[in-house]
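Geometric and topological summary
Given next are the chains, with one letter for each unit.
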Amino acid sequence: MTDVLTADPNNQKLRGGYYTPLSIAQFLARWAIRTADDTVLEPSCGDGMLLEEAVRRLTALGTPPESIGHQAQGVELYDSEARLACTRMQRLGIPDGCIATQDFFSFNESEWGLVSQRFDAVVGNPPFLRYHAFPEDQRTRAFRIMQTAGLRPSKLTNSWVAFLVAAALCLTERGRLAMVIPAELLQVKYAEQTRAFLARHFGAITIITFRRLVFDGIQQEVVLLLAEKQPAVESGIDVVELEDTLDLADYEVRLRARRHLKSIDHAEEKWTQYYLDENEIDLLRAAKSHPRVTRFGELGCVDVGVVTGRNNFFVLPEQQVRAKGLIGHTLPLVGRTAQLPGLVYTDEDWQANREAGVLCHLLNLPPTSFDLLPASLQEYVQAGELADVHQGFKCSHRKPWYAVPTVWSPDAFLFRQIHEYPKLVQNPGQATSTDTIHRVRFHQSHQTPQIVGAFLNSLTFAFAEVMGRSYGGGVLELEPNEAEQIPIPFFEQAHLPFDELDTLERARRVDTLLDINDAELLGNHMGFDASDVRLFRTIWRKLSGRRMGRKAKSSRK
Ligand SMILES: C[S@@+](CC[C@H](N)C(=O)[O-])C[C@H]1O[C@@H](n2cnc3c(N)ncnc32)[C@H](O)[C@@H]1O
C-alpha cells in the first residue's frame, strides 16, 4: 500500500474523482441519517466534506460530540486527504479516531465474509477508476468482496461498482445508503449485475438525476442513489429528474411522503425505463413479451462499420480522389448520418454527396505488394508513410498496412449515434460505412425494404431509448448487441407504402410517417388499441425529449 500512499493525491484522475458539492452532501446526509443513534460510514471520504455533513446531521438530531466519534467512520486511502479530514473533524470537536487511512477494501477485511451489518447509514461518492487504473491489490480485494456477494466482476468493472457493492454489504438491516454514482449505473452493460444486486439487496431505490451537470469541471454525468433496506413508505424503484441541485431542498420534502414506487424488475435490465410511469412500463413489458413481436437480431446481424485505422488517410472527398489519381480505387462510403437523408441510399444521394465534397470515398487498395501498385497509388501510399500512417495501431497490425479489410457492403445501414430517432437505411448499391454507422445483413435480403420500413414505429423507437445508452451530449448510442435485442413489429404481409415513407422521411415528417406505420403495424397486426398506440409514441417522445433536453452546462449557482 505504501506506493499508493506516496503517489500524488493531487492528481484527480489518480484519486478517481471530484469532491461532492455542499448542497448534495447535505442532502445525502439528511436523507441517510435518521436518528441520533445512527452509525454512519463514508467509505472514500477525501477531505471529509460529506462526513462533516454527516456529523452536522447527527448533531442536529441531538447526538453528543463524544458519541459522534464512535458513530461516524470515514475511510480514505491517501494520507494527505485523510489528514485534511481529521482536521475538519477536530474543528467540529470530533477526535481523530473516526478516520481510517487505508484502502476501503481492507478496512474491516476480516468481517467482509460475514453479513457486515455494521452501519445504519452509508454516505459517499466513490472513486471512478477503470480496471487498469484501479490498483491491483485493491482490485483483488474488491473483486473478492463482490464475488462474496454473488457478482462476477470483470475487466469492465469500474471501482465505483465495487465501492457501491461493498458499502451496501456494510449496512444494518434497517440501513440506508446515499451515494453519488456515475449515471452509467442506469444503463451500461457492465453495471447489469450491480443493478440486479441492488434490486435484490434493497427494498426501495430512488435515483435522482439532473438535467444539468452538477459537478463543476467534469463532464461526467452523475446520479444520486438513495437505497433503503427496509422501505420507509413502500417498496419499489423510482427515477426522478431534477433541474439541478437547487431543486434538492424542495424534493426532499416530497420524498418523505412519496408513494407509488414502481415495481422493480429483477432481471438485469437498464433502469432508464423507470423514468416512465407505471402504466408506460407495463405497456413496454407487455410489448416485449408479445407473441407477435420479433427481435431485430432474428431478422439479421448487426456489425460495426469499417475500421480504417486512420480515417483522414483512407476516407476522402471526391475532389481529392481526382487530384490524387485514385479514381477506380475507392468504394462509396457513408460516414455520417447526414449523408443518408432517406430510407434508401440511392445513386442520387451518392452523387449529391460527391458534389457536396463530403467524405464519401473509402480508399480500397488490394492486398498486393507495393511494387505491383500503379504509380499514383504508390505515391499516395508513400505520402501516408511519410505521415506515419502505417505506424498506427491498426495499420501496423495488418499486411500490407494500406489494404483495409472487411469492406463489405451491407443490405442496410443502422444509425449508431441517434439524435431524434433511430433509423435503418436500405443500401441497394456497393456502399459501405465507417464505424460511425453499423452495417446490417439480413437473413432474407429480399425483405430489406419491408424491414427498413417496419423499423419506423413508435414501439421500436421507445425500445431504442430504453435499450441504448445516452451520454451528456444528448446523443443515444446503440451498440450492435443492443440493436439486435430491439423489438420490431415485422410482418411480411404488412402493407407499408415504402416510397411514400421514404418521401416523408426526406421531408423530416416523422409524425405523419409514424401515423401510417403505427396504425398498420401496432394496430392492425399487433392488435394494440388506439390509446396504447398513442402511449408508445408518448413514451418515445418522453425519453428522447429527456435525453435531448439535457444541457451540457454546469449547475445554476
Ligand atoms: C470522488 S472522491 C470523493 C471524496 C469524498 N467522498 C467527497 O464526496 O467529497 C473519491 C475519494 O476516494 C479516495 N479513494 C480512492 N481509492 C480509495 C480506496 N481504495 N479506499 C479508500 N479511499 C479511496 C480518493 O482518494 C478520493 O478522495
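All values derive from a computational prediction rather than experimental measurement.

**Topic: the nonpolar core**
Ranked by size, the top nonpolar core spans 157 residues in total, and within it Leu28 and Ala166 carry the most contacts. Of the residues forming this core, the biggest block, ten residues, is contributed by helix α8 (residues 159-169). Counting only domains with at least three residues in this core, you end up with domain 1 (12-275) and domain 2 (300-368 + 403-549). The contact partners of alanine 166, leaving out residues within four places of it in the chain, are Phe104, Phe105, Ala142 and Ile145.

**Quick look at unusual backbone geometry**
Looking along the chain, the bond that leaves lysine 399 and enters proline 400 is cis, with omega of -15°. Even without being a glycine, aspartate 388 presents a positive backbone phi close to 65°. Classification of aspartate 388 by C-beta neighbours within 10 Å gives exposed; the count is 11.

**Digging into the pairing of strand β8 (residues 222-228)**
With seven of seven residues buried, β8 is to be regarded as a mostly interior element. Of the pairings in the sheet, the one linking strand β5 (residues 171-182) to β8 comprises seven bridges and is antiparallel in character. From the neighbouring strand, leucine 177 faces β8, where its bridge partner is alanine 227.

**Digging into the pairing of strand β13 (residues 330-334)**
When β13 meets strand β14 (residues 361-363), the two strands line up antiparallel, connected through three bridges. In the strand pairing of β14, threonine 330 is matched with leucine 363.

**Here we look at α8**
The element α8 is largely enclosed, with a buried count of eleven among its eleven residues. Ser159, Trp160, Val161, Ala162, Phe163, Leu164, Val165, Ala166, Ala167, Ala168 and Leu169 are the residues of α8 that are buried. If you follow the buried residues of α8, they end up packed against β1 (40-42), β4 (119-124), α7 (136-148), β5 and α10 (192-201).

**Here we look at the environment of histidine 290**
Turning to its location among the elements, histidine 290 is positioned in the loop between α12 (278-288) and β10 (294-295). Sequence spacing of histidine 290 and leucine 514 is 224 residues, and the spatial spacing of their C-alpha atoms is 20 Å.

**Section: the packing of helix α3 (residues 22-32) against helix α4 (residues 49-61)**
As a packed pair, α3 and α4 sit with axes 8 Å apart at the nearest point and diverge in direction by 45°. The orientation of α3 with respect to α4, classified from their angle, is oblique. In the crossing of α3 with α4, the sense of the turn from one axis to the other is right-handed. Contact residues: Ala25, Gln26, Leu28, Ala29 and Arg30 in α3; Met49, Leu50, Glu53, Ala54 and Arg57 in α4. Residue composition of the contact of α3 with α4, by class: six nonpolar, one polar and three charged.

**Concerning the domain arrangement of the protein**
We note that the domain assignment places domain 1 (12-275) and domain 2 (300-368 + 403-549) within the protein. The distance between the C-alpha centroids of domain 1 and domain 2 comes to 40 Å. Counting residues at the interface gives eleven residues for domain 1, matched by eight residues for domain 2.

**Observations regarding the environment of serine 235**
Tracing the sequence through the fold places serine 235 in the loop between β8 and β9 (236-242). Expressed as a C-alpha distance, the spacing of serine 235 and proline 400, which sit 165 residues apart in the sequence, is 61 Å. Excluding anything up to four places from it in sequence, serine 235 contacts Gly203, Ala204 and Leu261.

**Focus on the sheet that holds strand β11 (residues 300-303)**
The strand order across the open sheet built from four strands is β11-β19-β15-β17, with neighbouring strands paired in antiparallel fashion. One side of each edge strand has no neighbouring strand; the edge strands of this open sheet are β11 and β17 (424-426). Along the sheet, successive strands turn relative to each other by an average axial angle of 25°, direction set aside. Here four bridges tie strand β15 (residues 412-415) to strand β19 (residues 437-442), and the two strands are oriented antiparallel to one another. Bridged to leucine 414 within β19 is histidine 438.

**Quick notes on the packing of α12 against helix α24 (residues 530-549)**
For the pair α12 and α24, the least separation of the axes is 10 Å and the interaxial angle reads 105°. Of the possible angle classes, the one that applies to α12 and α24 is roughly perpendicular. Along its contact with α12, which presents Glu280, Leu283 and Leu284, the element α24 presents Asp532, Leu535 and Ile539. Here the residues of the contact of α12 with α24 sort into four nonpolar, no polar and two charged.

Each value, and the rule that gives it
- Residues numbered from 1 in each chain as written.
- Predicted model: local features only at pLDDT ≥ 70, side-chain atom pairs only at ≥ 80, totals over all residues.
- Core = buried A, V, L, I, M, F, W, Y, C linked by C-beta atoms within 7 Å.
- Buried ≥ 20, exposed ≤ 12 C-beta atoms within 10 Å, placed from the backbone.
- Helix = DSSP H or I, 4+ residues; strand = E, 2+ residues; numbered from the N terminus.
- Domains from an automatic or database assignment.
- Contact = placed C-beta atoms within 7 Å.
- Pairing = 2+ DSSP bridges.
- Axes fitted to C-alpha atoms, helices over the stretch in contact; angles between N-to-C directions.
- Parallel < 35°, antiparallel > 145°, perpendicular 65-115°, else oblique.
- Left-handed = near helix turned anticlockwise from the far one by under 90°.
- Nonpolar A, V, L, I, M, F, W, Y, C, P; charged D, E, K, R; others polar.

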